[in-house]
Amino acid sequence: MQNDPSPSWKPETLAVAAGRPDRLPDAPLNQPMVPASTYIAGQETELIGYGRYGNPGWTALEEAVAALEGGATALAFASGMAAAAAVLAAIPASGTIVLPQHCYLGVAGLAEEYRRRHGLSVRTVDISDTAAVLEAAVGADLVWIESPANPTMDVADLAAVSAGLPDGCLLLVDNTFATPLLQQPLQQGADVVLHSATKFLSGHSDALCGMLVFTRSVDDLAGRARNARKLHGATPGVLESYLVLRGIRTLPVRVRQAEANAKVLVELLSGNPLVDRIRYPGFGSMLAIELPDAATADGLIDKLRLWVNATSLGGVESTLERRRRWPTELPSVPEGLIRMSVGVEHIDDLATDLTRALDSLRH
Ligand SMILES: *Cc1c(COP(=O)(O)O)cnc(C)c1O
């Protein structure tokens, strides 16, 4: 049993107050970790029953994320990919989905697997072109949007897409890059929100976790996704659920600080002669810069001392990577494109590290 957050609370408050145990004398303030595979039987209606069906730590995390996204229910998974797989398992296997032409590579790979094995039809579109999305959505079961998208930072008009979708076509938004602090897709008409909670929600690069958040109108889809978690066993770890909820407590302050840092860096980099293009959606702390070629981009990354060369994103640490170092990255992503996840370090140190490295490349 958890405390119910007040519907009038702001996101900053929900991040702190949602997903707490009842306030009883001497009870812990935080939901404790409950490492349990086995629960004692005997309740008339079994509450949890078995460790693969539920855990008090998942419930606390799910309540917090549902509150932040303004959803009716949420489900926690072992990873963002496990959450994505539960959605594909919950829609008709030989149905049709619309996918972004640029999106998280794992999601594209998973959809391709469903195409080969189950005959799922996959249509890819430029998600920043609303008319193209709506055209592709005719006869589709699900439109999958990632906005801002990885790694090109394409942005979709979520309200326009959701308003124009045909009846019966679901809208899923991968909200990993924006976080519920900067974008709440369910309030713009989406049916499901997906998070790689591994990234901003957790925020400390130490846990893998995924989330789905549903509106009331798709209770049946939520039920099928819950069943998929139970049957496929892609359950979140007890420690991971704890770490993600702990991370959420500081999500608003991390997001604001990282966003403020990102805005300064966009300004700074836009004046640099080595930077051909900056892709920044205008909010958040994810951006991509384009350098003339792979060698220059690798040279920059090599010369940085504070910024960490790493895939993944959304941690307190500033990280970056040249996306085409992955052989599976699409050829439409330029060789010199570096995706940057701005952290919460002091802006002067982040800026100095970048300027120094860029300057050294020009000599
Ligand atoms: C990382 C990521 C995923 C996959 O999440 P995992 O937690 O790594 O399984 C999905 N979508 C986006 C946008 C991501 O960045």
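K.L.:
Honestly, the site of the ligand in this entry has me stumped. Any pointers?
P.N.:
Surrounding the ligand, one finds 13 residues, the nearest of these being M81, D174, S196, T198 and K199. M81 places a main-chain nitrogen or oxygen 2.8 Å from an oxygen atom of the ligand. Between the ligand and the protein, one listed contact pairs an oxygen atom with a side-chain N or O atom of T198 at 2.6 Å. Looking at the shell around the ligand, its residues break down into five nonpolar, five polar and three charged.

K.L.:
I keep staring at the sheet that holds strand 11 (residues 319-322) and nothing clicks. Help me out?
P.N.:
Hydrogen bonds between backbone atoms are what pair the strands of a sheet, whose relative direction is either parallel or antiparallel. Spatially, the five strands line up as an open sheet ordered 8-9-12-11-10, and their pairing is mixed. Bordering the open sheet on either side are strand 8 (277-279) and strand 10 (308-309), each of which pairs with just one other strand. Pairing between strand 11 and strand 12 (residues 337-341): four bridges, direction antiparallel. Across the sheet, R322 pairs through a bridge with I338, a residue of strand 12.

K.L.:
Can you help me understand the packing of aromatic side chains in this one?
P.N.:
Aromatic rings considered in pairs are described by the distance between their centres and by the relative angle of their planes. Per the counting criterion, the structure on display carries one aromatic pair. An angle of 75° between the planes, with centres 5.5 Å apart, marks the rings of Y50 and Y53 as edge-to-face. By relative accessible area, Y53 is classed as partly exposed at 37%. Here the basic side chain of R229 rests over the ring of F77, its NZ or CZ set 5.9 Å away from the ring centre.

K.L.:
Before we go on, may I ask you to explain the packing of helix 2 (residues 56-69) against helix 9 (residues 238-248) in this structure?
P.N.:
Packed helix pairs are characterised by how far apart their axes lie and by the angle those axes make with each other. Put simply, helix 2 and helix 9 touch, their axes get as near as 9 Å, and they point 35° apart. Helix-helix and strand crossings are classified by hand; for helix 2 and helix 9 the assignment is left-handed. Residues G57, W58, A60, L61, A64, V65 and L68 of helix 2 form the contact with helix 9, whose participating residues are S241, V244, L245 and I248. Here the contact of helix 2 with helix 9 is composed, by residue class, of nine nonpolar, two polar and no charged.

K.L.:
I would appreciate a short explanation of the domain arrangement of the chain in the present structure.
P.N.:
As a measure of interface size, the accessible area lost when the parts come together is often cited. Along its sequence, the chain is organised into domain 1 (11-248) and domain 2 (251-361). Of note, the centres of domain 1 and domain 2, computed from C-alpha atoms alone, are 27 Å apart. Tallying the contact residues gives 29 residues for domain 1 and 28 residues for domain 2. For the pair domain 1 and domain 2, the summed buried area comes to about 2,400 Å², and 67% of that belongs to carbon and sulfur atoms.

K.L.:
Help me understand the pattern of salt bridges in this model?
P.N.:
Pairing between side chains becomes possible if they bear opposite charge and their charged atoms approach one another. Scanning the model with the defined rule gives 19 salt bridges in all. Between E329 and R323 there is a salt bridge, with its nearest N and O atoms 2.9 Å apart. With respect to burial, E329 and R323 carry one shared label: buried. Where R356 meets D353, a salt bridge forms, and the shortest distance between an N and an O atom there is 2.9 Å. Here the residue R356 and the residue D353 both occupy positions in helix 12 (residues 347-361), the gap between them amounting to three residues, near one helical turn.

K.L.:
I keep staring at the nonpolar core and nothing clicks. Help me out?
P.N.:
Within the largest apolar cluster, 50 residues are counted, with the highest numbers of intra-cluster contacts made by L61, V143 and I145. With six residues, helix 2 is the single largest residue contributor to this core. When we break this core down by domain, the ones giving at least three residues each are domain 1 (11-248) and domain 2 (251-361). In this structure, A90, L99, C103 and A228 belong to the second largest nonpolar core, which totals 31 residues.

Rules behind the numbers
Residues numbered from 1 in each chain as written. Predicted model: local features only at pLDDT ≥ 70, side-chain atom pairs only at ≥ 80, totals over all residues. Heavy atoms only, no water. Near = heavy atom within 4 Å. Polar contact = N/O pair within 3.5 Å; in protein donor to acceptor, adjacent residues only side chain to side chain. Nonpolar A, V, L, I, M, F, W, Y, C, P; charged D, E, K, R; others polar. Pairing = 2+ DSSP bridges. Helix = DSSP H or I, 4+ residues; strand = E, 2+ residues; numbered from the N terminus. Phe/Tyr/Trp six-rings, centres within 6.5 Å; stacked < 30°, edge-to-face > 60°. Buried < 20%, exposed > 50% of the residue type's maximum accessible area, 1.4 Å probe, protein only. Lys NZ or Arg CZ within 6 Å of the ring centre and 35° of its normal. Axes fitted to C-alpha atoms, helices over the stretch in contact; angles between N-to-C directions. Left-handed = near helix turned anticlockwise from the far one by under 90°. Contact = heavy atoms within 4.5 Å. Domains from an automatic or database assignment. Buried area = accessible area lost by both parts, 1.4 Å probe. Salt bridge = Lys/Arg side-chain N within 4 Å of Asp/Glu carboxyl O. Core = buried A, V, L, I, M, F, W, Y, C linked by side-chain atoms within 4.5 Å.

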